[in-house]
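Listed below, chain by chain, are the residues.
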Amino acid sequence: MLASSHASADAARELGRLLTGTEAKDIADRLADGDTVTAALKAVAAGRRPRLRSLLEPGGPAVFGREQAVAVLRAVEGARSTTTAIDPLWTMPGHLAGSGPLTSSVTHLVDNARQSVTCSTFNFQRTSGLWAALRRAALRPEIALRVYVDTAAADQNPKPWTPSTPEVAAHLHPGIVLRTTQFDGASVRNHAKFLAIDHRFLLVTSTNWSVPAHPRTMRADNKYAPEST
């Protein structure tokens, strides 16, 4: 009994380490509705299911019954629902941010992801640390990788240092790469630049708010006029 109690406690801690609050809720809801463990685990990325299945299956090391498993998952959901700390990261003009905490934080966050990485960017540069870090994340089966890129920036104005969207997809396989398309006769643009890590860390940046981009950005905003020269 003592060994079983320790195993259940260890398994509960492991579930708390592996799951986000949303994932714990989705799995608990499915189990409470009568789904099998296999069906319930469709709420998480395929690469992480085997370990979670070993913790939740009846007869596994934790010896969870269905009601106990649901209770543990609800506890994980509740624990994850409270924000305990917020660490702001601020961007700055590119010539000032060539090195320093922000630059190193990007690759560090991606390399230390445990569950998921979502990235949106105008385009990539082959020499960037993020380009290499996302490749490493794509090769980790436990990471759900999703990337959004701008088709016009990557494909319609090709540059030697900028990969095309098919090249991005090949580089980040088996991750999911989504690109903008045509709508109402015009190219949809993706100018959002952010990284979301493990549903826990969010880095929003505006690194290409460069001088050449200012006139276009200001006109589109319709609140400012470009500076006269």
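Nothing here was measured: the structure is a model prediction, and the numbers come from that model.

Visitor: Would you mind going over the side chain of Thr20 with me for this structure?
Guide: The topology assignment puts Thr20 in the loop between helix H1 (2-18) and helix H2 (21-32). Setting aside chain neighbours within four positions, we find Thr20 in contact with Arg80, Gln115, Asp198 and His199.

Visitor: What is the right way to read helix H7 (residues 129-138) from this model?
Guide: Structural remark: α-helix, 3.6 residues per turn; residues separated by three or four positions point the same way. Those residues of H7 that fall on the buried side of the exposure criterion are Leu130, Trp131, Ala133, Leu134, Ala137 and Ala138. Projected onto a plane normal to the axis of H7, the buried residues spread over an arc of 170° and lie on a single side.

Visitor: Hey, could you run me through the pairing of strand S7 (residues 201-204) in this one?
Guide: In regular strands, side chains alternate between the two faces of the sheet. Pairing geometry for strand S6 (residues 194-197) and S7, over four bridges, is antiparallel. Opposite Ile197, over in S7, you have Phe201 as the bridge partner. Between S6 and S7, which follow one another and run antiparallel, lie three residues, and Asp198 among them has a positive phi close to 60°.

Visitor: Honestly, the environment of Asp26 in this entry has me stumped. Any pointers?
Guide: With respect to the secondary-structure elements, Asp26 resides in helix H2. The spatial distance from the C-alpha of Asp26 to the C-alpha of Ala40 is 7.6 Å, given a sequence separation of 14 residues.

Visitor: Mind showing me how you'd approach the packing of aromatic side chains here?
Guide: Within a pair of aromatic rings, the relevant descriptors are the distance that separates the centres and the angle that separates the planes. Enumeration according to the criterion identifies one aromatic pair in this entry. When the ring of Phe124 is compared with that of Trp131, the centres are 5.3 Å apart and the planes differ by 50°; the resulting orientation is tilted. For the pair shown, Phe124 and Trp131 are each scored as buried.

Rules used in this analysis
- Residues numbered from 1 in each chain as written.
- Predicted model: local features only at pLDDT ≥ 70, side-chain atom pairs only at ≥ 80, totals over all residues.
- Heavy atoms only, no water.
- Helix = DSSP H or I, 4+ residues; strand = E, 2+ residues; numbered from the N terminus.
- Contact = heavy atoms within 4.5 Å.
- Buried < 20%, exposed > 50% of the residue type's maximum accessible area, 1.4 Å probe, protein only.
- Arc of directions from axis to C-beta.
- Pairing = 2+ DSSP bridges.
- Phe/Tyr/Trp six-rings, centres within 6.5 Å; stacked < 30°, edge-to-face > 60°.

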